[in-house]
Amino acid sequence: MPSDRDLEAGSHDDTNGGVATARVNSITSSASCFPFTLKFIDVSYRVKLDPMSGSRGDGIRRILHSAGSSSAAPEERVILNGISGMVSPGEMLAILGPSGSGKSTLLSILAGRLQGKHTGTVLANGHRLAKSVLRRTGFVTQDDVLYPHLTVRETLVFCAMLRLPRTVAKADKVAAAEAVIAELGLSKCADTSVGGPFVRGISGGERKRVCIGHEMLVNPSLLLLDEPTSGLDSTAASRLVATLGGLARQGRTVVTSVHQPASRLYQMFDSVLLLSEGSCLYFGKARDAMDYFGSVGFAPKFHVNPADFMLDLANGVTQTDYQGDAEKSAVKQSLISSYNRVLAPKVRAGLSAAVPGNATHAGKDVCVERGRKEQRSISWRSQFSILLQRSLKERRHESFNSLRVFQVMAAAVLSGSMWWHSSVHDVQDRLGLLFFITIFWGVFASFNAVFTFPQERAIFIKERSSGMYSLSSYFMARMAGDLPMELILPTLFTLILYWMAGLRTEPGAFLLTLAVLLGYVLVAQGLGLVLGAAIMDAKQASTIATVTMLAFLLTGGFYVQNIPSCLAWLKYISFTFYCYRLLIIIQYGGGQMDYLLASSRHRNTSGTPVCVAALLAMFVGYRVLAYMALRRTKA
Ligand SMILES: Nc1ncnc2c1ncn2[C@@H]1O[C@H](COP(=O)(O)OP(=O)(O)OP(=O)(O)O)[C@@H](O)[C@H]1O
């Protein structure tokens, strides 16, 4: 587990990128064994459009849809159409194309991260993408998926602790993170929070470099980046691409999508793949592209930035004057058939030729074996403790956020004043108080928990798909990380309200009330976790939580004594029902409860053991369900 000293260690400004990379290399030495030649052959991807929305279905809609609520035949859409190409170690391939042309989809397929089914083959050194290859693949997605409250140094040190193999000493992991900070020019902002949409932090360019650093830490043999220059000014963009070029020259295979590269950026790429609506218009050396387009009748009339010219072609635009849609479509069709006629056979021939410089095959088995040993990820215990520490650091602002504390304290003082020294004989008042406590904590805990997993969805999916940790260590660390807040706030609440309201003064009664309330809070939290994990959309999950809590509260035993028999079963799954009964038993004793709850139906229910067992079962059951729902989570 990284100590605070580790996280604060070394803030020297080492601008010598090569030396820094060499340091990362020496720490995670096995990468040099695996120069990857990446080939992709006839990659196609189609999606069936959701007839209910015409896009990716999600959340409740997805659940309803999968339950068979739609009868319309799904429409199919071609996202990628037979894309082939190859990148060798030491090379940087740029994927160019207009927005929506399929760049991100192709990158996800090359990174082995696309959840849907595609056709075609992706090979690394002639073999299908195995786990060992994926572990050596760094994938920087278009969105910056980082924890906003961690500093740059904390982000990279935690990443190093989790991603570098167990054979690397802790001090070396910290040194690797420091080397990456220096190499990417992040020393000046190393102790600044990363930030995000609602949190001030480092600049967009710096955030992008942190994402790249995140992937560089595993010293990837294959580095894939989705539009790393978007949102950067041209100086920052060319600095970034120069860094990527440097990484490629050290023997890595780099593939990056770029939206609109300036001329000097374009020159830095070795090869280029141009996409238009999922079809390939060019694949080959970057410097040969203009000659090729000239040879098929699309020479520019004056000197232009090759990237701009190619993007115009991919949009079907060949001149500055207005062109209609039919004309644009004809240009694209002509370019696709030219590619299929002229370039595609050459690309295919290149792909079937022997992999150049593939000397690694000779020593492959030794390398694989060595890699396997060195790549063994850290133990479950270490994963748990690092994830727990990271979760506590990330949520330190949120957990004891002053507004939240104020909310709980205000509720305690207000209700304490309302029920100030209530008399044991004012039974209705007391029952009202006990039920109020049950409502407040049932709603508070379940609603806060609903956000837990949806909030972290993107990070969770990214980290899990790169094999950073096991689901169980993440889940347990998240549960444990939430405990302090889940337990301290209700304890403070009970301390204030219990004495203000003048409930039973015996310490035993107070402690039992507190224990019941804490257990109840954990059960209610479990409900929020299940809904959040199953629906993975905070808005939809909180709507379902509202309805569920309403049903639980109405059947809790305070408002309605004679619940219609067709709905009576609801109370048995309502944790408010059990908690309310236990609180009454503590204040009035089990004997009096049936008298107080003057309903024949309530009377049939057993006392303390059944209530405790039901709450325990729900505590475990909700968490098991949340875990299972999380297992199903896909991008
Ligand atoms: N699962 C899906 N369902 C429906 N449409 C999809 C799906 N996945 C991708 N698409 C569509 O496929 C097209 C290509 O998407 P992709 O994200 O790969 O494009 P892109 O070239 O990376 O775009 P941009 O440059 O804007 O990021 C888009 O029109 C997108 O809406």
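Conventions and cut-offs
Just so you know, the residues in each chain are numbered from 1, in the order the chain's sequence is written. Restriction of local features to residues with pLDDT of at least 70 applies here, the model being predicted, together with a cutoff of 80 or more for giving and counting side-chain atom pairs; totals for whole chains, interfaces and linings are based on all residues. To get the side-chain values, take all heavy atoms of the structure and skip hydrogens and water. Every helix listed is a DSSP run of H or I at least four residues long, and every strand listed is a run of E at least two residues long, numbered separately from the N terminus. Exposure categories follow from relative accessible area, calculated using a 1.4 Å probe and restricted to protein chains: below 20% of the type maximum is buried, above 50% is exposed, and the middle band is partly exposed. Here a residue-residue contact requires only that any non-hydrogen atoms of the pair lie within 4.5 Å. What sets the accessible areas is the Shrake-Rupley method with a 1.4 Å probe; for residues, cover comes only from the shown protein chains. Any two strands are treated as partners once DSSP identifies two or more bridges connecting them. For helices, the fitted line uses only the C-alpha atoms of the stretch in contact; every axis is such a line through C-alpha atoms, and the angle between N-to-C directions lies from 0 to 180 degrees. Here, proximity means that at least one heavy atom of the residue falls within 4 Å of the molecule or strand. Amino acids are sorted into nonpolar (Ala, Val, Leu, Ile, Met, Phe, Trp, Tyr, Cys and Pro), charged (Asp, Glu, Lys and Arg) and polar (every other residue, Gly among them). Here the nonpolar core consists of buried residues drawn from Ala, Val, Leu, Ile, Met, Phe, Trp, Tyr and Cys, with membership extended through side-chain atoms lying within 4.5 Å. Start and end points for every domain follow an automatic or database-based domain assignment. UniProt positions are given in the numbering used here, feature names are shortened, and annotations may be inferred rather than shown by experiment.

1. Here's the deal with the overall build of the protein
And step 1. The helix and strand inventory of the protein stands at 26 helices and ten strands.
And step 2. Residues counted as buried form 52% of the 635 residues belonging to the protein.
And step 3. For the protein, the proportion of contacts with a sequence separation of at least 24, taken over those separated by at least 6, is 79%.
And step 4. Here the protein has roughly 27900 Å² of accessible surface; of this, 58% comes from carbon and sulfur atoms.

2. What about the sheet that holds strand S3 (residues 92-96)?
And step 1. The six strands lie next to each other as S6-S7-S8-S3-S9-S10, forming an open sheet whose pairing is mixed. Each edge of the sheet is formed by a strand with only one pairing partner; in this case those strands are strand S6 (137-140) and strand S10 (279-285). Averaged over all pairs of adjacent strands, the angle between their axes in this sheet comes to 15°, without regard to strand direction.
And step 2. One ladder, built from four bridges, connects S6 with strand S7 (residues 222-226); its direction is parallel. Within S7, the position partnered with Gly138 by the bridge is Leu223.

3. Brief notes about the site of the ligand
And step 1. In the vicinity of the ligand lie 16 residues, with Ser99, Gly100, Ser104, Thr105 and Glu227 positioned nearest.
And step 2. For the ligand, the accessible surface in isolation is 640 Å², of which the surrounding protein chains cover 76%.
And step 3. Of all the secondary structure elements, the ones that give two or more residues to the shell around the ligand are strand S1 (38-49), strand S2 (75-87) and helix H4 (103-110).
And step 4. The dominant element in the shell around the ligand, judged by the number of residues it contributes, is H4, at three residues.
And step 5. Looking at the shell around the ligand residue by residue, the class counts come to four nonpolar, eight polar and four charged.

4. Describing the nonpolar core
When a protein is soluble and globular, its nonpolar side chains tend to lie buried together.
And step 1. Counting residues in each nonpolar core, the largest one holds 176 residues, and the members touching the most others are Leu273, Phe293, Trp441, Phe493 and Phe575.
And step 2. Ranked by residues supplied to this core, first place goes to helix H21 (residues 507-535) with 16 residues.
And step 3. Residues lining this core come from more than one domain, with at least three contributed by each of domain 1 (37-143 + 221-351 + 370-374) and domain 2 (380-550 + 607-631).
And step 4. Setting aside its immediate chain neighbours within four residues, Phe493 contacts Val408, Met409, Ala411, Ala412, Phe436, Ile437, Phe440, Trp441 and Leu517.

5. A word on the pairing of S10
And step 1. Within S10, six of the seven residues are buried, which leaves it mostly tucked inside the rest of the structure.
And step 2. Note: strand S9 (residues 271-276) against S10, six bridges, orientation antiparallel. Looking across to S10, one finds that Val272 is bridged to Gly284.

6. Things to note about the UniProt feature "transmembrane region" (unreviewed entry) in the protein
And step 1. The positions that UniProt labels "transmembrane region" (unreviewed entry) are, in the present scheme, residues 403-421, 433-453, 487-503, 510-535, 541-560, 572-590 and 610-630.
And step 2. Across residues 487-503 one finds 82% helix and 0% strand; the C-alpha atoms that close the span lie 21 Å apart.

7. Focus: unusual backbone geometry
And step 1. Even without being a glycine, His421 presents a positive backbone phi close to 45°.
And step 2. Here His421 is to be found in the loop between helix H17 (402-418) and helix H18 (427-450).
And step 3. Backbone geometry at Met536 places phi at a positive 55°, although glycine is not the residue there.
And step 4. The buried category is assigned to Met536, whose relative accessible area is 8%.

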